[in-house]
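Overview (structure and organization)
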Amino acid sequence: MDRLNYQHLYYFWMVAKTGSIRNACEILRLAQPTISGQLTLFEKAIGSKVFRKEGRKLVLTENGWLVFSYADQIFSIGDELTKWLEGVSAEQSRTLKIGVCQGIDMSIALQLLSPALDGLHSPAFYCASGDAERMIQDLRLRTYDLAILTTLPPSSESKNIFRHLLSTLEISLFGPAYKVKSYRKGFPRSLHRAPFVLPIQQSSLRQSLDHWFETHGIEPEIKSEIGDSELRKSVAASYEAFTFAPTDAQQEVQQRYELEFFGAIHGVEEKIFAVTVQRKIRNPAIARILGIIDAV
């Protein structure tokens, strides 16, 4: 291949980004045979399949993901160039799209995102929550610019996924005031058979908590298992049960959910990662979140 056909690359990028040839055709206002033909020529030119069929769906191959990653950078930079030529900085013109895993306390998430929100040139940002596996998929398709996760799913084990440790949080126990008082003597063994609302078993925090329970010979009375951290605290308040949250979220847990601080759980912590699909961070707002001083 002497020279890459960027028009073919653009058609491929649009199909991958929108999820189907039909969706891409609607946006580009082109007939389906036109796009299908261009994709065939593109695959022939690069000597590799970029899509495979799963039922009626088109799914990116491993090489397709790599090509998509490069294409997304190419067209994103082109968009930034257009904005710059129009006299608008890329940072000001783009909405920063961030996905936050539902297991993360929003007060903690806001603290971690605050470096991007300080200053006169802070970008507008869109923030949504969801499960980690879906966020990795959306991150690859550039639905998000950045994902904030606690558990890294198997799909994150890829050369096109880059992880950055943002914080390691101390975890504490919270509960209704009268139960905190009555269970304090003999802690932690006093918690045997106490009511708990816990994270779901797939989460890294739950695995750490189960190990802590086992180490101290505690068999919790599990009232509910909930992935969403905010809902978990709300249900714990309703059930008058104990639950766990980052120590840094103590003020919010006490004021919003009326759950009192019992104490820090030694040996249990929660790591929070920022995940990107670019090794070199060009977006200044993301660079500030990651603590990178010199972003291109």
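The present account deals with the structure reproduced in this document.

About the criteria used
- Residues numbered from 1 in each chain as written.
- Predicted model: local features only at pLDDT ≥ 70, side-chain atom pairs only at ≥ 80, totals over all residues.
- Heavy atoms only, no water.
- Patch = residues over 30% accessible without salt bridge, like charges linked within 9 Å, V, L, I, M, F, W, Y side chains within 5 Å.
- Areas by Shrake-Rupley, 256 points an atom, 1.4 Å probe, with all protein chains shown as cover.
- Salt bridge = Lys/Arg side-chain N within 4 Å of Asp/Glu carboxyl O.
- Helix = DSSP H or I, 4+ residues; strand = E, 2+ residues; numbered from the N terminus.
- Buried < 20%, exposed > 50% of the residue type's maximum accessible area, 1.4 Å probe, protein only.
- Axes fitted to C-alpha atoms, helices over the stretch in contact; angles between N-to-C directions.
- Parallel < 35°, antiparallel > 145°, perpendicular 65-115°, else oblique.
- Left-handed = near helix turned anticlockwise from the far one by under 90°.
- Contact = heavy atoms within 4.5 Å.
- Phe/Tyr/Trp six-rings, centres within 6.5 Å; stacked < 30°, edge-to-face > 60°.

Where nonpolar side chains cluster on the molecular surface, the patch consists of Y6, Y70 and I74 and spans about 330 Å² of accessible area. When you line up the elements, I74 lands in helix α4 (residues 62-85). A residue is classified by how much of its surface remains accessible, and I74, at 33% relative accessible area, is partly exposed.

Moving on to the packing of helix α1 (residues 6-18) against helix α3 (residues 32-46). Their axes nearest at 9 Å, the elements α1 and α3 cross at an angle of 115°. Considering the angle they form, α1 stands roughly perpendicular to α3. Considering the relative orientation of α1 and α3, their crossing is left-handed. Facing H8, L9, Y11, F12 and V15 of α1, the residues of α3 in contact are I35, Q38, L39, L41 and F42.

The next thing to look at is the side chain of E252. With respect to the helices and strands, the residue E252 is situated in helix α11 (residues 250-257). Given the relative accessible area of 18%, E252 is considered buried. Setting aside residues up to four positions removed in sequence, E252 forms contacts with D105, S107, E230 and Y257.

Let us now look at the packing of aromatic side chains. Following the criterion strictly, the structure yields 17 aromatic pairs and no others. For the ring pair F12 and F42, a centre distance of 5.6 Å and an interplane angle of 25° mean the geometry is stacked. Of this pair, F12 sits in helix α1 while F42 sits in helix α3, and the two are 30 residues apart along the sequence. Taken as a pair, F12 and F42 share a single burial class, namely buried. Seen from their ring centres, F213 and F244 are 6.1 Å apart, and the 70° between their planes marks the pair as edge-to-face. Taken together, the residues span a long stretch of sequence, with F213 in helix α9 (residues 204-215) and F244 in strand β9 (residues 243-246) at a distance of 31 residues. Given a relative accessible area of 3%, F213 falls into the buried group.

What follows deals with the environment of I27. Tracing the backbone through its elements, the reader meets I27 in helix α2 (residues 21-28). With a relative accessible area of 53%, I27 lands in the exposed category. The spatial distance from the C-alpha of I27 to the C-alpha of V15 is 10.0 Å, given a sequence separation of 12 residues. Setting aside its immediate chain neighbours within four residues, I27 contacts M14 and T18.

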